[in-house]
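Report on the structure
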Amino acid sequence: MIPLLLTASSFLNFIFYIYAIGFVVALGLEQIVLRGENERNIYIVQTNRKYLWRQVWVVNLNWFVCNLGLFFISRNLQAAPIGDTFWQGM
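First, a word on what this report is: a plain description of the structure on this page. The shown structure was predicted, so the numbers you read here are calculated from the model rather than taken from an experiment. (Residues numbered from 1 in each chain as written. Predicted model: local features only at pLDDT ≥ 70, side-chain atom pairs only at ≥ 80, totals over all residues. Heavy atoms only, no water.)

**Describing helix H1 (residues 2-33)**
- Under the 1.5 Å per step criterion, the end-to-end length of H1 is 46 Å for 32 residues, consistent within 8% with the ideal 46 Å.
- In the core, the buried residues of H1 are packed alongside helix H2 (39-77). (Helix = DSSP H or I, 4+ residues; strand = E, 2+ residues; numbered from the N terminus. Expected span 1.5 Å × (residues − 1). Contact = heavy atoms within 4.5 Å.)

Below you can see the structure in the form of structure tokens.
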């Protein structure tokens, strides 16, 4: 379970940066397109920005849940007693 959560967390971290950079680019494009009068281009850019904003939040929330799961799983693993097991059966 831990390798799955670590992989998912790393993947979501990677995807978050892609969406965040895309959102910043979309903000810049929106400012450029708003100077023009073409309603179709304004609609496309605003729709893209809104989509990227939602995706950034969804990915960030999933990343947070993965890290929360890792926290609780690893906390339960640390509760096991630690002893000298080298000489026991090896």
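Here the narrative resumes.
**Brief notes about the nonpolar core**
- Counting six residues, the largest nonpolar core consists of Leu 5, Leu 12, Ile 15, Val 59, Cys 66 and Leu 70.
- When contributions to this core are tallied by element, the ones reaching two or more residues are H1 and H2. (Core = buried A, V, L, I, M, F, W, Y, C linked by side-chain atoms within 4.5 Å. Buried < 20%, exposed > 50% of the residue type's maximum accessible area, 1.4 Å probe, protein only.)

**Side note on a nonpolar patch on the surface**
- Taken together, the side chains of Leu 61, Trp 63, Phe 64, Val 65, Leu 68, Phe 71 and Phe 72 present a nonpolar region at the surface, about 660 Å² in accessible area.
- When you line up the elements, Val 65 lands in helix H2. (Patch = residues over 30% accessible without salt bridge, like charges linked within 9 Å, V, L, I, M, F, W, Y side chains within 5 Å. Areas by Shrake-Rupley, 256 points an atom, 1.4 Å probe, with all protein chains shown as cover. Salt bridge = Lys/Arg side-chain N within 4 Å of Asp/Glu carboxyl O.)

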